[in-house]
Amino acid sequence: MGKILVVEDEGSIRELIVLNLEMAEYEVVEAATAEAALELFTAAPESFKCAILDIMLPGMNGFTLCENIRAASPVVGIVMLSAKSLEADKIRALSIGADDYMTKPFSISELKARIDALCRRISRSQVTVEESSRLVSGNFVLDEKSRVMMKNGQPIDLTQVEFQIMELFFRNSGTALVRDKILEGVWGENYYGDVKIVDVNIRRLRMKIEDEPSNPQHILTVWGYGYRWNP
Ligand code: CA
């Protein structure tokens, strides 16, 4: 099933999360600091399925921890917790590789639902890896084994979410996809978040794959609707 890493310095919140995940039969590893968490994570990155990271931590903060965890594993699911409902924090978290973001105080059942959805998505994408390993679209190739995208033979590292958006685009090449459909296709039907998360990821994907991100030629905006992949 894979372990869940819970990083939170406030003992009562950490206990609440750990207890609820354990009741749902997850194997949980907890840490009160980013430094301790990073040591646990980097010792065996592949043994973790998801990580829940608080942003405000003593010493290294959750953003830096997120970047380090993402560097150690492109596939682990990351949910960030913040005491502030700042749009800038949310966008920052998503742009450094977090898959999801929740503002405190949060509902523990909603957090659990989001972890369930993230784990399901990761399991689903791991099944696909075994079935076929390469998807080709124009000069682009998605290697489902290494989770790397190639453009003209050059590798581009993608996060789990970015990779799944590209898979959706590749399988619907030339078709305008409404943002809700992308949200549902990548984050799952039971996702509670808003469609802005799609826009944040598209912006980041354009930075990675377009020659001129401000004048995209491949991920096209369909105004008032969504996006279309043009290989
Ligand atoms: Ca904290």
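Just above sits the structure.
Notes on the structure follow. (Residues numbered from 1 in each chain as written. Predicted model: local features only at pLDDT ≥ 70, side-chain atom pairs only at ≥ 80, totals over all residues. Heavy atoms only, no water.)

1. Concerning the sheet that holds strand S12 (residues 226–229)
Convention followed: A pair of strands is labelled paired if DSSP reports no fewer than 2 bridges between them. Helical segments are the DSSP runs of H or I of at least four residues, strand segments are the runs of E of at least two, and each set is numbered from the N terminus. Helix axes are fitted to C-alpha atoms over the stretch in contact, other axes to C-alpha atoms as well, and angles between N-to-C directions run from 0 to 180 degrees. The contact rule is simple, with two residues in contact once any of their heavy atoms fall within 4.5 Å.
An order of S10-S12-S11 is seen for the 3 strands of this open sheet, with the pairing classed as antiparallel. Edge strands, defined here as strands with exactly one partner in the open sheet, are strand S10 (176–178) and strand S11 (219–222). Between one strand and the next, the sheet's axes are offset by a mean angle of 35°, whatever the strand orientation. Strands S10, S11 and S12 of the sheet are contacted by helix H6 (residues 160–171), whose axis makes an angle of about 65° with S12. Sheet contacts for helix H7 (residues 179–187): S10 and S12; angle to S10, the most-contacted strand, approximately 75°.

2. Description of the packing of aromatic side chains
The condition is simple: Side-chain rings of Phe, Tyr and Trp, where Trp is taken by its six-membered ring, are said to pair if the distance between their centres is within 6.5 Å; with planes under 30 degrees apart they count as stacked, over 60 as edge-to-face, and otherwise as tilted. Burial here depends on accessible area, computed with a 1.4 Å probe over protein chains only, as a share of the maximum for the residue type. Under 20% is buried, over 50% is exposed, and the range in between is partly exposed. Any Lys NZ or Arg CZ that is within 6 Å of a ring centre and within 35 degrees of that ring's normal is treated as a charge sitting over the ring.
Taken as a whole and assessed by the stated rule, the structure comprises 4 aromatic pairs. Each ring, one from Phe169 and one from Trp229, has its centre 6.2 Å from the other, and the planes form 20°; the classification is stacked. Here Trp229 lies in strand S12 and Phe169 lies in helix H6, a separation of 60 residues in the sequence. Judged by its relative accessible area of 0%, Trp229 is buried. Ring geometry for Phe170 against Trp229: centres 5.5 Å apart, planes inclined by 25°, an arrangement best described as stacked. Highlighted residues: Phe170 in helix H6 and Trp229 in strand S12, separated in sequence by 59 residues. Three or more aromatic residues joined by ring pairs make a cluster, and in this case those are Phe140, Phe169, Phe170 and Trp229. Above the ring of Phe48, the side-chain terminus of Lys3 is found at 4.8 Å from the ring centroid. Sitting over the ring of Phe63, Arg92 keeps its end group 4.0 Å from the ring centre.

3. Observations regarding the coordination of the calcium ion
Under the convention used in this document: A donor here means any N, O or S atom no more than 2.8 Å from the metal (3.2 Å for Na, K and Ca); water is not included, so a site may seem to lack partners.
Within the protein, the calcium ion binds to Asp9 (OD), Asp54 (OD) and Met56 (O); these donor distances fall in the range 2.1 to 2.3 Å. Donor residues binding the calcium ion come from one chain and are separated in sequence as D-x44-D-x1-M. Linking Asp9 in the loop between strand S1 (3–7) and helix H1 (11–23) with Met56 in the loop between strand S3 (48–54) and helix H3 (62–72), this pair joins segments that are 47 residues apart in sequence. For Met56, a relative accessible area of 54% puts it in the exposed group.

4. Focus on the environment of Leu53
With respect to the helices and strands, Leu53 occurs in strand S3. Separated by 12 residues in the primary sequence, Leu53 and Leu65 place their C-alpha atoms 8.0 Å from one another. Filtering out sequence-adjacent residues up to four positions away, Leu53 remains in contact with Val7, Gly62, Leu65, Cys66, Ile69, Ile78, Val79, Met80 and Leu81.

5. Considerations on the packing of helix H2 (residues 34–43) against H3
Formally: Oblique is the label for any angle not under 35 degrees, not over 145, and not in the 65 to 115 range, which are roughly parallel, roughly antiparallel and roughly perpendicular in turn. Under this grouping Gly is polar, as are all residues other than the nonpolar Ala, Val, Leu, Ile, Met, Phe, Trp, Tyr, Cys and Pro and the charged Asp, Glu, Lys and Arg.
Closest axis-to-axis distance for the H2/H3 pair is 10 Å, and the angle between their directions is 5°. In terms of orientation, H2 lies roughly parallel with respect to H3. Every residue of H3 that contacts H2 at Ala34, Ala37, Leu38, Phe41 and Thr42 is listed here: Leu65, Asn68, Ile69 and Ala72. Along the lines of polarity and charge, the residues of the contact of H2 with H3 split into 7 nonpolar, 2 polar and no charged.

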